Amino acid sequence: MAGKRVLLIVGGGIAAYKCLELIRRGQERGLAFRCVLTASGAQFVTPLSLASLSGDKAFTDLFSLTDEAEIGHIRLSREADLVVVAPATADLMAKMAAGMADDLATTLLLATDKPVLIAPAMNPRMWGHPATVRNLARLRADGVRVVGPNPGDMACHETGSGRMAEPHEILGAIEALLAPADRSLAGRRAVVTSGPTREAIDPVRYLSNHSSGRQGHAIARTLAEAGAEVTLVSGPVREPEPVGVRTVHVESALDMLSAVEAALPVDVAVCAAAVADWRPAAVTRRKLKKEEGAGPPALELVENPDILRTLARRDTHRPELVIGFAAETGDLEAKARAKLARKGCDWMLANDVSPGTGVFGGASNRVLFLTVEGGSERWPELDKGEVARRLVARIAARLRGEGDRG
Ligand code: CTP
């Protein structure tokens, strides 16, 4: 990304303060920023703080003669390599979707010939409003890329989806858009499972686990960056949808299996989801109630389908490469190799998830990479993005017919 220029349009939302962090972290990676504030954006961060950090004038007013004399707004919109709108408010998104151009920010957005990435941030109800949903679909159809928003607690004391993506997530999306295209997987198709599943007990309760989806989402994103057409089948997670990936949201293991099968045929399948092994035998239609003297209800469980095994053992449309993960506590290699054989997959990335390793839900992984042909390799502790990059490089080499057969 070094040497690339970002035109950062800061909309009016409390999340605007995160732009300062975005600029700093982006500069560490060699990005240069030029900032534009909407009138309401200027209520949250000052042009002075943006100008001081970016080392360039921060622009605010469409009709400033000096600005027009120094640099025309058309030129401003074209000189960057990428336009980033963060926070993208409901109002800005609506104006963009409608093609309005009544201030500097919206004029630049209409005039630019560069990719546009938006990081929406708003109240969860505004995000879920049919008008915003419509505008988002319009913007995506127009080729605008979207990062976030994330679920969580909001500054307005409500909870739901609407928090702006974190600066490192926005930078990840910027990186994906600016990276020199390694198209080693162009023309290839992939399916990735990610996150936990939720198995309903009754309308309000479920069985699940703490999987964050970080590793699976990073793999889906990296496959897409390498040019693959990727379907990500994700259980409920806080991770934003990766840019350039078709994400299918599911809850249960049964739904995950159907969505994975609907994505076939693919060249490669990566099963990174922490699928619940069991589900309640029957889901009660009414909420289970405590009954005086009756004691706790007995929960009868049945086994869920094994998605990895089902894919690996298909007679038709078996992906050329089926990759699983193994989470073990102790005796890693023996257990993971046995699992690889039992499931019938080609490669297995095994992790020790013993308490204290911090792998589950954490940012890094220490992988033991196993192949069905007997290959075994210990990778150093890597962040999950780097694990994804190594894995995707191997996938590309293998699909090209090079090595990695152990
Ligand atoms: N997996 C799957 N469907 C399941 C269970 C697991 O696709 N119903 C996949 C996971 O995505 C992972 C691999 O299988 O790639 C290993 O999952 P894990 O839960 O570690 O293995 P299990 O088969 O459940 O074995 P155990 O619980 O005995 O460790």
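**Topic: the site of the ligand**
Within the structure, the ligand sits among 16 residues, and Cys271, Val275, Ile307, Leu308 and Gly324 are positioned closest to it. Counting only elements with at least two residues in the shell around the ligand, the list comes to α12 (307-312) and β16 (321-328). At four residues, the largest contribution of residues to the shell around the ligand is made by β16. For the shell around the ligand, the residue count by class is 10 nonpolar, three polar and three charged.

**As for the domain arrangement of the protein**
Here the protein is described as being made up of domain 1 (5-178) and domain 2 (189-399). Opposite the 11 residues of domain 1 that make contact, domain 2 presents six residues. Going through the elements one at a time, β6 (150-153) and α9 (167-178) are the ones with two or more residues in the side of domain 1 that touches domain 2. Top element by residues in the side of domain 1 that touches domain 2 is α9. It accounts for four residues.

**Concerning helix α10 (residues 214-225)**
With 12 residues, α10 extends 16 Å between its outermost C-alpha atoms, agreeing within 8% with the 16 Å of an ideal straight helix rising 1.5 Å per residue. With 12 of 12 residues buried, α10 lies mostly within the body of the structure. Of all the residues in α10, the buried ones are Arg214, Gln215, Gly216, His217, Ala218, Ile219, Ala220, Arg221, Thr222, Leu223, Ala224 and Glu225. Check the buried side of α10 and you find it contacts α9, β8 (189-194), β11 (229-234), β13 (268-271), β18 (364-371) and α14 (384-399). A positive phi of about 100° marks Gly227, the residue just after α10.

**Description of the sheet that holds strand β1 (residues 5-10)**
Sheet architecture is open: five strands sit in the order β2-β1-β3-β4-β5, paired in parallel fashion. Each edge of the open sheet is held by one strand with a lone partner, namely β2 (32-37) and β5 (145-146). Both strand β3 (residues 82-88) and strand β4 (residues 116-120) contribute to a ladder of four bridges, which runs parallel. Bridged to Ala88 within β4 is Pro120. Of the strands in this sheet, β1 and β2 touch helix α2 (residues 47-54), which is tilted by about 170° from β2.

**A word on the packing of α10 against α14**
Axis separation between α10 and α14 bottoms out at 8 Å; the angle between their running directions is 45°. Comparing the axis directions of α10 and α14 gives the class oblique. Crossing handedness for the pair α10 and α14: right-handed. Along the contact surface, α10 presents Arg214, Gln215, Ala218, Ile219, Thr222 and Leu223, while α14 presents Lys384, Gly385, Val387, Ala388, Arg389, Leu391 and Val392.

**Notes on the nonpolar core**
Val192, Ile219 and Leu223 are the most contacted members of the largest nonpolar core, which totals 57 residues. The leading source of residues in this core is α14, at six residues. Sequence-distant contacts of Val192, defined by excluding residues within four places in its chain, comprise Gly216, Ile219, Ala220, Leu223, Val230, Leu232, Val270 and Ala272. Within the second largest apolar cluster, 55 residues are counted, among which are Ile23, Val83, Leu108 and Ala173.

**Section: the sheet that holds β11**
Through backbone hydrogen bonds, the strands of a sheet pair up, either in parallel or in antiparallel fashion. Spatially, β12-β11-β8-β13-β16-β17-β18-β19 is the arrangement adopted by the eight strands of the open sheet, whose pairing is mixed. The open sheet has two edge strands, β12 (246-249) and β19 (376-383), and neither has a second partner. Taken over all neighbouring pairs, the strand axes of this sheet differ in orientation by 20° on average, direction set aside. Inspection of the sheet shows β16 paired to strand β17 (residues 347-352) by six bridges, in the parallel sense. Across the sheet, Ile323 pairs through a bridge with Trp347, a residue of β17. Sheet strands in contact with helix α13 (residues 332-343) are β16, β17, β18 and β19, and its direction is about 140° off that of β16.

**Considerations on the environment of Ser54**
As for its position among the elements, Ser54 is in helix α2. On the basis of neighbour counts, which here come to 21 C-beta atoms within 10 Å, the residue Ser54 falls in the buried class. Residues Ser54 and Arg24 lie 30 residues apart in sequence; the distance between their C-alpha atoms is 8.2 Å.

**As for the pairing of β3**
On a regular strand, each side chain points to the face opposite its neighbour's, so the side chains alternate between the two faces of the sheet. A large share of β3 lies buried, amounting to seven of its seven residues. Covered by surrounding structure in β3 are Leu82, Val84, Ala86 and Ala88 together with Val83, Val85 and Pro87, the residues of both alternating faces. Here β1 pairs with β3 via four bridges, running parallel. Bridge pairing in β3 links Leu8 to Val84.

Calculation notes
Residues numbered from 1 in each chain as written. Predicted model: local features only at pLDDT ≥ 70, side-chain atom pairs only at ≥ 80, totals over all residues. Near = placed C-beta within 6 Å. Helix = DSSP H or I, 4+ residues; strand = E, 2+ residues; numbered from the N terminus. Nonpolar A, V, L, I, M, F, W, Y, C, P; charged D, E, K, R; others polar. Domains from an automatic or database assignment. Contact = placed C-beta atoms within 7 Å. Expected span 1.5 Å × (residues − 1). Buried ≥ 20, exposed ≤ 12 C-beta atoms within 10 Å, placed from the backbone. Pairing = 2+ DSSP bridges. Axes fitted to C-alpha atoms, helices over the stretch in contact; angles between N-to-C directions. Parallel < 35°, antiparallel > 145°, perpendicular 65-115°, else oblique. Left-handed = near helix turned anticlockwise from the far one by under 90°. Core = buried A, V, L, I, M, F, W, Y, C linked by C-beta atoms within 7 Å.

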